[in-house]
Amino acid sequence: MKKYFPILPVSLLLSLFIYVFYRTDKTLINQLCISIFQQEPYNFLKSRVAFSLPLPDFIIYSLPEGLWVFCITLTSSTFYLEIRKRKWNLIYVPILLALLMELFQLLHIANGRFDWMDIIFSTIFWLLALLCTRANIGKESIFQSTNTATIYCIVSYFIVYLAHVNY
């Protein structure tokens, strides 16, 4: 996990940048930014950044989810969750969450819009993370001890929650 540490913050910061300056104001992270910086300064800065650095739609709408799946897969790769004496490998949770969210959007159970490109990006980044972590043989329970790795893992799941669209 330590060897992947430099890529985690870069990936998460890139996702944050895209969300804050290109995505709807209705996401939780953007609502937080608006409450901190106020609506007008936030809108001004957002419009200036989007105008100065135009990005294609697939970067704006699909790359952040792929990067988050990548980060969560990396941070989850050394953990399992034990439920009723059965161990569930957490490396499958990120892709399962991504696919379920897209399904819920398709069925209009969750806010957002179903997009095949999101599924493609999530799957590619999940597979890439699997390739990076295939040497992680020893796994521990996520709640066995509190250390840097468990904190990174739990925080990375929380960060994804901040991208939730709050209508």
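Everything in this summary refers to the structure shown in the same document. (Residues numbered from 1 in each chain as written. Predicted model: local features only at pLDDT ≥ 70, side-chain atom pairs only at ≥ 80, totals over all residues. Heavy atoms only, no water.)

## A closer look at helix H8 (residues 148-161)
Put simply, the rule is: Put simply, DSSP marks the helices as runs of H or I at least four residues long and the strands as runs of E at least two long, and each gets a number from the N terminus on. Multiplying 1.5 Å by the helix residue count minus one yields the expected span of that helix. A simple rule labels every residue: compare its accessible area, found with a 1.4 Å probe on the protein chains alone, to the largest value its type can have, and call it buried under 20%, exposed over 50%, or partly exposed in between. Note: the arc covers the axis-to-C-beta directions of the helix. We call two residues in contact when some of their heavy atoms are within 4.5 Å.
Along its 14 residues, H8 runs 20 Å from first to last C-alpha, staying within 8% of the 20 Å computed at 1.5 Å per residue. Inspection of H8 places Thr150, Cys153 and Ser156 among the buried residues, and these make up the whole buried set. End-on view of H8: buried residues confined to an arc of 130 degrees, all on one side of the axis. For H8, the secondary structure elements touched by its buried residues are helix H5 (63-76) and strand S1 (79-83).

## Details of the nonpolar core
Applied cut-off: Remark: nonpolar core denotes a set of buried residues (Ala, Val, Leu, Ile, Met, Phe, Trp, Tyr, Cys) joined through side-chain atoms within 4.5 Å.
By size, the foremost hydrophobic cluster in this structure holds 25 residues, and its most contacted members are Ile18, Val20, Tyr22, Leu63 and Phe125. For this core, the elements supplying multiple residues, two or more each, are helix H1 (7-22), helix H2 (28-37), helix H3 (39-52), helix H4 (57-61), H5 and helix H7 (116-133). Ranked by residues supplied to this core, first place goes to H1 with 7 residues.

## Considering the packing of aromatic side chains
To be explicit about the condition: Each pair of aromatic rings taken from Phe, Tyr and Trp, with Trp reduced to its six-membered ring, is defined by centres within 6.5 Å and is described as stacked if the planes are under 30 degrees apart, edge-to-face if over 60, and tilted in the remaining cases. Sitting over a ring, as applied to charges here, requires NZ of Lys or CZ of Arg to be within 6 Å of the ring centre and within 35 degrees of the ring normal.
As enumerated under the stated definition, the model contains 8 aromatic pairs in all. Seen from their ring centres, tyrosine 19 and tryptophan 68 are 5.0 Å apart, and the 35 degrees between their planes marks the pair as tilted. Separated by 49 residues along the polypeptide, tyrosine 19 in helix H1 and tryptophan 68 in helix H5 bring together distant segments of the chain. Neither residue differs from the other here; tyrosine 19 and tryptophan 68 are each classed as buried. Through a chain of ring-to-ring contacts, the aromatic side chains of Phe58, Phe70, Phe121 and Phe125 assemble into a single cluster. Taking NZ or CZ as reference, arginine 86 lies 4.5 Å from the ring centre of tryptophan 88, over its face.

## As for the packing of H1 against H3
The line we're drawing: Axis definition: a line fitted to C-alpha atoms, limited for helices to the stretch in contact. Angles are taken between N-to-C directions and run from 0 to 180 degrees. Note on angle classes: values under 35 degrees are labelled roughly parallel, values over 145 roughly antiparallel, values of 65 to 115 roughly perpendicular, and the remainder oblique. Any residue that is not Ala, Val, Leu, Ile, Met, Phe, Trp, Tyr, Cys, Pro, Asp, Glu, Lys or Arg is counted as polar, Gly included; the first ten are nonpolar and the last four charged.
Axis separation between H1 and H3 bottoms out at 8 Å; the angle between their running directions is 110 degrees. The pairing of H1 with H3 is recorded here as roughly perpendicular in orientation. Contacts between H1 and H3 pair Phe17, Val20, Phe21 and Tyr22 from the former with Tyr42, Leu45, Lys46, Val49 and Ala50 from the latter. Taken together, the residues of the contact of H1 with H3 break down into 8 nonpolar, no polar and 1 charged.

## Brief notes about a nonpolar patch on the surface
Inclusion rule: Patches in this entry comprise residues that are over 30% relatively accessible and not in a salt bridge; like charges within 9 Å are linked, as are nonpolar side chains (Val, Leu, Ile, Met, Phe, Trp, Tyr) within 5 Å. To measure how exposed things are, a 1.4 Å probe is used in the Shrake-Rupley method; for residues, cover is taken only from the protein chains shown. Salt bridge, as used here, is a side-chain nitrogen of Lys or Arg placed within 4 Å of a carboxyl oxygen of Asp or Glu.
Together, Leu96, Leu100, Met101, Leu103, Phe104, Leu106, Leu107 and Ile109 give the surface a local cluster of nonpolar side chains, amounting to about 690 Å² of exposed area. Within the secondary structure, leucine 107 sits in the loop between helix H6 (93-106) and H7.

## Some points on unusual backbone geometry
Located in the positive-phi region is arginine 84, a residue other than glycine, with phi close to 50 degrees. Take arginine 84: its relative accessible area is 82%, and that puts it in the exposed class. Phi is positive for histidine 108, which is not a glycine, with a value near 60 degrees. For histidine 108, the position within the fold is in the loop between H6 and H7.

## Some words on the pattern of salt bridges
Evaluated as defined, the whole model comprises 2 salt bridges. Lysine 46 is paired through a salt bridge with aspartate 25; the nearest N and O atoms lie 2.7 Å apart. Taken together, the residues lysine 46 in helix H3 and aspartate 25 in the loop between H1 and H2 connect sequence positions 21 residues apart. The buried category is assigned to lysine 46, whose relative accessible area is 14%. We note a salt bridge from aspartate 115 to arginine 113, for which the minimum N-O separation is 3.9 Å. Residue classification places aspartate 115 among the buried positions, given a relative accessible area of 16%. What makes arginine 113 exposed here is its relative accessible area of 58%.

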